[in-house]
Amino acid sequence: MRTKRCENEVWKSNKESDLVTAPAALNAEAPVIEVMGLHKNYDKVKAVNDLTMSVRKGEIYGFLGPNGAGKSTTIKTIMALTHPTSGVIKVHNTPVSTKTVDIHKDIGYLPEKISFYRNLTPVQTLTFLCELKGADPVVVDQLLEDVGLGDVSDRKVGTFSKGMVQLLGVAQAMIGDPSLYILDEPMGGLDARWVRIVRDKIRELNERGATIVFSSHILSEVQMLCDRVGIINKGALVAEDTIDNLSDHLELRPRLEVTITGLDGAVPDGIDAIEGVWNADAEGDKLTVSCDASSRIQVLVALERRGLTIKNFKTLDPTLEDAFVELISDHGGEQ
Amino acid sequence: MIEFGPVHTVLKKEVSDNIRNKWIILLTIIFAFLTLAASVLAGGGSLGGLEETVTTLMSISMILIPLISIMLGYSTISGEDEDGSLAVLLSYPIKRGEVFIGKFLGLGIVIALATAVGFGVSGIVIGLSKSATPWGSYAAFISLSVLLGLLYLSVSMCFSALFKRRVASLGAGILLFFWSTIYGTVLMGIYFATGGSMSDFTSANPTIPDWIWQSIYFSPMDMNQTASMLVFNIERAFGFAIEVPSFVDLASIIGAHLVWIIVPLIIAYLAFERRDI
Ligand SMILES: Nc1ncnc2c1ncn2[C@@H]1O[C@H](COP(=O)(O)OP(=O)(O)O)[C@@H](O)[C@H]1O
Ligand SMILES: [Mg+2]
């Protein structure tokens, strides 16, 4: 019914090479995280299916995809929490495994589903984690203050709300001032005020030089913060680029929505052959045509000529959100 | 390979977390109260029959120590995996083996503390009211109880590493708790079905066949109880005369305890290492 317009390939932008500066060129050679041909099967479910991606030093990388796309599985494999079925992951050029935990000294990780020990206070919790990471526990009070948990530092974590636990999760990720942060849905389940705290924190850490990867299923979160995005769907990367380049590559076009009496879900012959028309879709009496602005009239005229009764029409401006939805629906996302 | 630093950190955390666990505190209080009551009641005020006291203490510890151990152990891996705290812990520079050993030792210390408090109270009462208290035997008895606690901890931690879900490891823990009961019943069933009778146990001169004695190694509670009887030279329990044959000695029972502790720990470690969090 719907004509495909996206190719199933990862775009590697050429445009970026124009902008490359000397240090960036160095970084391009040695990504902080490199995922190569990752597969992860759970019984019959292919959670990750031949995923290749890389995160460069100093960037904020958005890992975007609908629920169930395989973001958490990929992240857990990077953290050596989950064993890959096949493929290689390198962090700072070291292949990761359950034995290479020393890498974790320099990583701040926030799992998607997080919890702490119920009977300990946040201070005791962070002190314990500082000791594990070889960091001086004097920073504990400041960390709690930073995420707005200064007032509850003596309460048992078991009495915390979900949002407060999440903030404690952000605080623990900052222990030891790591140069790499891997955050799995850091804003998931937080209310607006706390989302802001987390977003500001991500910016601040990045400005201080940290590389940040975070996953999300919400485009606007990613759009707001990221230098680059990797879009994942059904376990595979469908695009990896800067937000700007992605918009260009998607060739976002305005759409024309025409209501035609008695259309009954059939795209009239020849409409998608008109010059400037990208694709045409029919659903009930509604015909949606993506086309260049200059082709709109031709489309309407063509419909008239076929003797169809145009009841109404309107034009729709494209957004990146549309592109994202389109992209993942072309690949059969679960969203 | 295994570094002491991270092990020690996890151990400390396990102790300070679990001595605040209200269920463990409650069970320990019940434990202390029951042993106190047992030692007072058994002596009728005078505390004459230490054997009587010890057999009662034994049956109390046979229930409470496995219960405490299983409660501490069953969800260490599966529970923390399910709720998400294990993902945090393993994202730190610590190996899975170090996490596992730290947890086992930390929880082992909590069990030893609970046992010391549970028996300490009655120990003091007995000690004060009797002139010749067999302190050595009493200490050996407490050590055997701690060993039993470590055994149940090891097996329940093994379940927590083998199963994905917390409920599954809880189910296995409950089965483990009743294992000795089930085992004893099955054993007696076999014995009676093959021509044995109850009078073999209750007669003045009991004739318990060797194979039943040999099979106690499969039942932690039975072998631990037998060890305690050897320690105190008890020859009567719950009205039955029991003579432990010479081939069942303390050394082999302790050896069997160690096998029961080490084998599940190794299985658990291998399962944990392969586990997807
Ligand atoms: N432990 C697991 N066992 C079985 N299937 C799993 C497991 N974890 C994830 N999956 C499946 O793998 C797919 C990817 O999941 P996930 O990585 O959590 O996606 P995302 O984080 O993008 O929402 C989903 O279909 C999910 O149901
Ligand atoms: Mg996820």
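Okay, so let's go over this structure. Source: prediction; values computed, not measured. (Residues numbered from 1 in each chain as written. Chains lettered and ligands numbered in written order. Predicted model: local features only at pLDDT ≥ 70, side-chain atom pairs only at ≥ 80, totals over all residues. Heavy atoms only, no water.)

## Remarks on the nonpolar core
So the rule is basically this: To define a nonpolar core, start from buried Ala, Val, Leu, Ile, Met, Phe, Trp, Tyr and Cys residues and group those joined through side-chain atoms within 4.5 Å. Each residue's exposure class comes from its accessible area (1.4 Å probe, protein chains only) as a fraction of the maximum for that residue type: buried when under 20%, exposed when over 50%, partly exposed otherwise. Secondary structure follows DSSP: runs of H or I at least 4 residues long count as helices, runs of E at least 2 residues long count as strands, and numbering of each begins at the N terminus. For this analysis, residues touch if any pair of their heavy atoms sits within 4.5 Å.
Counting residues in hydrophobic clusters, the biggest one holds 155 residues, and the most contacted among them are Ile33, Leu51, Leu149, Ile182, Ile202 and Phe214 of chain A together with Phe272 of chain B. Ranked by residue count, the leading element in this core is helix α7 (residues 135-162) of chain B, at 15 residues. If sequence neighbours within four positions are ignored, leucine 149 of chain A has contacts with Leu144, Phe160, Met164, Leu167 and Leu168 of chain A.

## Side note on the pattern of salt bridges
Counted only if it meets this: Every case where a carboxyl oxygen of Asp or Glu lies within 4 Å of a side-chain nitrogen of Lys or Arg is listed as a salt bridge.
Tallied over the entire structure, the rule returns 19 salt bridges over all chains. A salt bridge links glutamate 131 of chain A to lysine 12 of chain B, with the nearest nitrogen and oxygen atoms 3.0 Å apart. Residue glutamate 131 of chain A is found in helix α4 (residues 122-133), and its partner lysine 12 of chain B is found in helix α1 (residues 4-18); the two belong to separate chains. Here the salt bridges do not stand alone but share partners, grouping Asp146, Asp177, Lys201, Glu204 and Arg208 of chain A into one network.

## Points about the packing of aromatic side chains
Filter applied, for reference: Each pair of aromatic rings taken from Phe, Tyr and Trp, with Trp reduced to its six-membered ring, is defined by centres within 6.5 Å and is described as stacked if the planes are under 30 degrees apart, edge-to-face if over 60, and tilted in the remaining cases. We call a charge positioned over a ring when the NZ of a Lys or the CZ of an Arg lies within 6 Å of the ring centre and within 35 degrees of the ring normal.
Inspection of every chain in the model, using the stated rule, returns nine aromatic pairs over all chains. Between phenylalanine 100 of chain B and phenylalanine 272 of chain B, the ring centres sit 6.2 Å apart and the planes meet at 50°, which makes this aromatic pair tilted. Of this pair, phenylalanine 100 of chain B sits in helix α6 (residues 96-129) while phenylalanine 272 of chain B is found in helix α12 (residues 250-274), placing the two residues 172 residues apart along the sequence. Accessibility assignment for this pair places phenylalanine 100 of chain B and phenylalanine 272 of chain B in one class, buried. A centroid spacing of 6.3 Å and a plane angle of 50° characterise the contact between tyrosine 138 of chain B and phenylalanine 141 of chain B, whose relative ring orientation is tilted. Separated by three residues within a single helix, tyrosine 138 of chain B and phenylalanine 141 of chain B lie in helix α7, roughly one turn from each other. Judged on exposure class, the residue tyrosine 138 of chain B and its partner phenylalanine 141 of chain B are both buried. Taken together, the ring pairs connect Phe31, Phe119, Tyr138 and Phe141 of chain B into an aromatic cluster. Here the guanidinium or amino end of lysine 133 of chain A rests over the ring plane of tyrosine 92 of chain B, the centre of that ring lying 5.2 Å away. Positioned above the aromatic ring of phenylalanine 272 of chain B, the side-chain terminus of arginine 96 of chain B is 5.7 Å from the ring centre.

## Examining the coordination of the magnesium ion (ligand 2)
Residue and element names in this part refer to chain A. Threshold: With water omitted from the atoms examined, metal sites may look incomplete; donors here are N, O and S atoms no farther than 2.8 Å from the metal, or 3.2 Å in the case of Na, K and Ca.
Distances from the magnesium ion (ligand 2) to its protein donors, namely Ser72 (OG), Glu112 (OE) and Glu112 (OE), fall within the range 2.1 to 2.7 Å. Placement of the pair is serine 72 in helix α3 (residues 71-78) and glutamate 112 in the loop between β6 (107-110) and α4, with a sequence separation of 40 residues. For glutamate 112, a relative accessible area of 43% corresponds to the partly exposed category.

## A closer look at the environment of alanine 38 of chain B
Residue and element names in this part refer to chain B. Along the polypeptide, alanine 38 turns up in helix α2 (residues 22-43). As for alanine 38 and serine 122, which are separated by 84 residues in sequence, their C-alpha atoms are 8.0 Å apart. Excluding residues that lie within four positions of it along the chain, alanine 38 makes contacts with Thr53, Thr56, Leu57 and Ile60.

## Describing the site of ligand 1
Residues and elements named next belong to chain A. Convention followed: For this purpose, a residue is taken to be near a molecule or strand whenever a single non-hydrogen atom of the residue falls within 4 Å of it. For the purposes of these results, a polar contact is taken to be a pair of N or O atoms within 3.5 Å, where, inside protein, one atom must be able to donate a hydrogen and its partner to accept one; residues adjacent in sequence count only when each atom of the pair is a side-chain atom.
Every residue close to ligand 1 is listed here: Tyr42, Val45, Ala47, Pro66, Asn67, Gly68, Ala69, Gly70, Lys71, Ser72 and Thr73. Contact distances for ligand 1 include 3.2 Å between an oxygen atom and a backbone N or O atom of alanine 69. Note that an oxygen atom of ligand 1 is positioned 2.8 Å from one of the side-chain N or O atoms of serine 72. Going through the elements one at a time, β2 (45-55) and α3 are the ones with two or more residues in the shell around ligand 1. For the shell around ligand 1, the leading source of residues is α3, giving three residues.

## Structural notes on a positive patch on the surface
Rule in force here: Within the patch definition used here, like charges are joined within 9 Å and nonpolar side chains (Val, Leu, Ile, Met, Phe, Trp, Tyr) within 5 Å, considering only residues with over 30% relative accessible area and no salt bridge. In this description, accessible areas are obtained by the Shrake-Rupley approach with a 1.4 Å probe, and a residue is regarded as covered only by the protein chains that are shown. When charges are counted, Lys and Arg are positive and Asp and Glu negative, with His and the chain ends excluded. To locate a charge, take atom NZ for lysine, CZ for arginine, CG for aspartate or CD for glutamate.
Taken together, the side chains of Arg118 and Lys156 of chain A together with Arg20 and Lys22 of chain B define a basic patch exposed on the protein surface. In this fold, lysine 22 of chain B is placed in helix α2.

## What about the sheet that holds strand β8 (residues 211-216) of chain A?
Two modes of strand pairing occur in sheets, parallel and antiparallel, and in both the strands are linked by backbone hydrogen bonds. Residues and elements named next belong to chain A. The criterion, for reference: Pairing between two strands requires that DSSP report at least two bridges joining them. To get an axis, a line is fitted to the C-alpha atoms, and for a helix only the part in contact is used. The angle between two axes follows their N-to-C directions and goes from 0 to 180 degrees.
Read across the sheet, six strands follow the order β6-β7-β8-β3-β9-β10 without closing on themselves; strand pairing throughout is mixed. Looking at strand neighbours, the two that pair on one side only are β6 and β10 (236-242), the edges of this open sheet. Looking at each pair of strands side by side, their axes are set apart by 15° on average, direction ignored. Sheet analysis places strand β7 (residues 180-184) next to β8, joined by five bridges and oriented parallel. Bridge pairing in β8 places leucine 183 opposite phenylalanine 214. Relative to the sheet, helix α6 (residues 162-173) contacts β6 and β7, its axis offset from that of β6 by approximately 170°.

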